[in-house]
Amino acid sequence: TIGDSDVSVTDPDSINIAGATVTLTNAQVGDTLVVGTLPAGIVATVVGNTITLSGAAFRTDYELAIRAIGFSTTSADATARSITVSVTDGAGTSNTATTTINMIATNTPPTAGAVNATGNEDTTIPVTLSGTDADGTVTHFVLTSAPPTGQLYLDAGLTLLAPLNTPLPGAGSL
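Residues numbered from 1 in each chain as written. Predicted model: local features only at pLDDT ≥ 70, side-chain atom pairs only at ≥ 80, totals over all residues. Heavy atoms only, no water.

Enquirer: Quick one: what's the story with the overall build of the protein chain, residue by residue and with numbers?
Expert: Summing up its helical and strand segments, the protein chain has one helix and 11 strands in all. Taking 2.2 N^0.38 as the reference for a compact globule, 174 residues should give roughly 16 Å; the C-alpha atoms of the protein chain span a radius of gyration of 28 Å, well beyond that estimate. Along the longest, intermediate and shortest principal axes, the C-alpha atoms of the protein chain span 90 × 25 × 20 Å. Residues counted as buried form 26% of the 174 residues belonging to the protein chain. For the protein chain, restricting intrachain contacts to residue pairs at least 6 apart in sequence, the fraction spanning at least 24 positions comes to 57%. Accessible area for the protein chain stands at about 10800 Å²; split by element, carbon and sulfur atoms hold 54% of it. (Helix = DSSP H or I, 4+ residues; strand = E, 2+ residues; numbered from the N terminus. Rg over C-alpha atoms; globule rule 2.2 N^0.38 Å. Buried < 20%, exposed > 50% of the residue type's maximum accessible area, 1.4 Å probe, protein only. Contact = heavy atoms within 4.5 Å. Areas by Shrake-Rupley, 256 points an atom, 1.4 Å probe, with all protein chains shown as cover.)

Enquirer: Give me the lowdown on the pattern of salt bridges, citing residues and values where you can.
Expert: Scanning all chains against the criterion turns up two salt bridges. Measuring nitrogen to oxygen at the nearest pair gives 2.5 Å for the salt bridge that ties arginine 81 to aspartate 31. Pair noted here: arginine 81 is in strand E6 (residues 81-88) and aspartate 31 is in strand E2 (residues 31-35), with a separation of 50 residues, a long-range link. The class for aspartate 31 is buried, based on a relative accessible area of 8%. Close ionic contact of glutamate 63 with arginine 59 constitutes a salt bridge, the shortest N to O distance being 3.5 Å. Of the two residues, glutamate 63 and arginine 59 are both situated in helix H1 (residues 59-67); the distance of four residues between them amounts to about one turn of the helix. Among the residues examined, arginine 59 registers a relative accessible area of 34% and is labelled partly exposed. (Salt bridge = Lys/Arg side-chain N within 4 Å of Asp/Glu carboxyl O.)

Enquirer: Give a detailed account of unusual backbone geometry, specifying residues and quantitative values.
Expert: A positive phi angle, close to 60°, is found at leucine 158, a residue other than glycine. In this fold, leucine 158 is placed in the loop between strand E10 (140-142) and strand E11 (167-169). Judged by its relative accessible area of 41%, leucine 158 is partly exposed. Of note in the backbone geometry, asparagine 165 takes a positive phi value of approximately 55° without being a glycine.

Enquirer: How would you explain the confidence of the model for the protein chain if you had to name every residue and give the values?
Expert: The predicted structure's coordinates, where accompanied by low pLDDT, should not be read in detail. Across the protein chain, pLDDT averages 86, with 94% of residues at or above 70. The least confident element of the protein chain, judged by mean pLDDT, is E11 at 82; the most confident is strand E3 (residues 43-47) at 96. (pLDDT = per-residue confidence, 0-100.)

Enquirer: Could you give me a rundown of H1, with the residues and numbers involved?
Expert: Residues of H1 that are buried include every one of Tyr62, Glu63, Ala65 and Ile66, and no others. Along H1, the residues classed as buried sweep out an arc of 160° about the axis, all on the same side. As for H1, its buried residues are in contact with strand E1 (16-24), strand E4 (50-58), strand E5 (69-73) and E6. (Arc of directions from axis to C-beta.)

Enquirer: Report on the nonpolar core, specifying residues and quantitative values.
Expert: What tends to happen in soluble globular proteins is that the nonpolar side chains get buried as a cluster. Counting 20 residues, the largest nonpolar core has Val22, Leu33, Leu53, Tyr62, Ile66 and Ile83 as its most contacted members. Elements with a contribution of two residues or more to this core: E1, E4, H1, E5 and E6. Top contributing element to this core by residue count: E1, with four residues. Core analysis: the next-biggest nonpolar cluster, separate from the first, contains eight residues, Val127, Val138, Ala162 and Leu168 among them. (Core = buried A, V, L, I, M, F, W, Y, C linked by side-chain atoms within 4.5 Å.)

Spelled out as structure tokens, the structure:
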């Protein structure tokens, strides 16, 4: 929701509000404002990045209506978004309230590199694990299956068997 529990609509000369305008002022590709369930008597019209609420209702109903508006995005853009809100009683328009939505970048999962190791039977064959992480560093690997033949060891002395489903350091060879 764009409005939290402290949303407050006041009008010194009327208990009724006639409308409100909610605008996402710096929308990025993939951003949308969405309208949830509105109180009786209030309807929403969505045009681009603006939602216009209309219908005479108590100010507390408009507080609920503003709380019913949400923000959604499919964008990976971490630019903070700005949303403005104003209300009207039909005779005048309020000041403009502004809220900022600080975006948290989504994590792109790391990608494990292909492993292809060959060698003679009954000899030690080094295996090097590699991976990339677009937004960080590969810190560990997890082996989810063992080779169909042979064993994987963590050391050249063949004394530490590589465990399955256990984090292993992100650098080095097996």
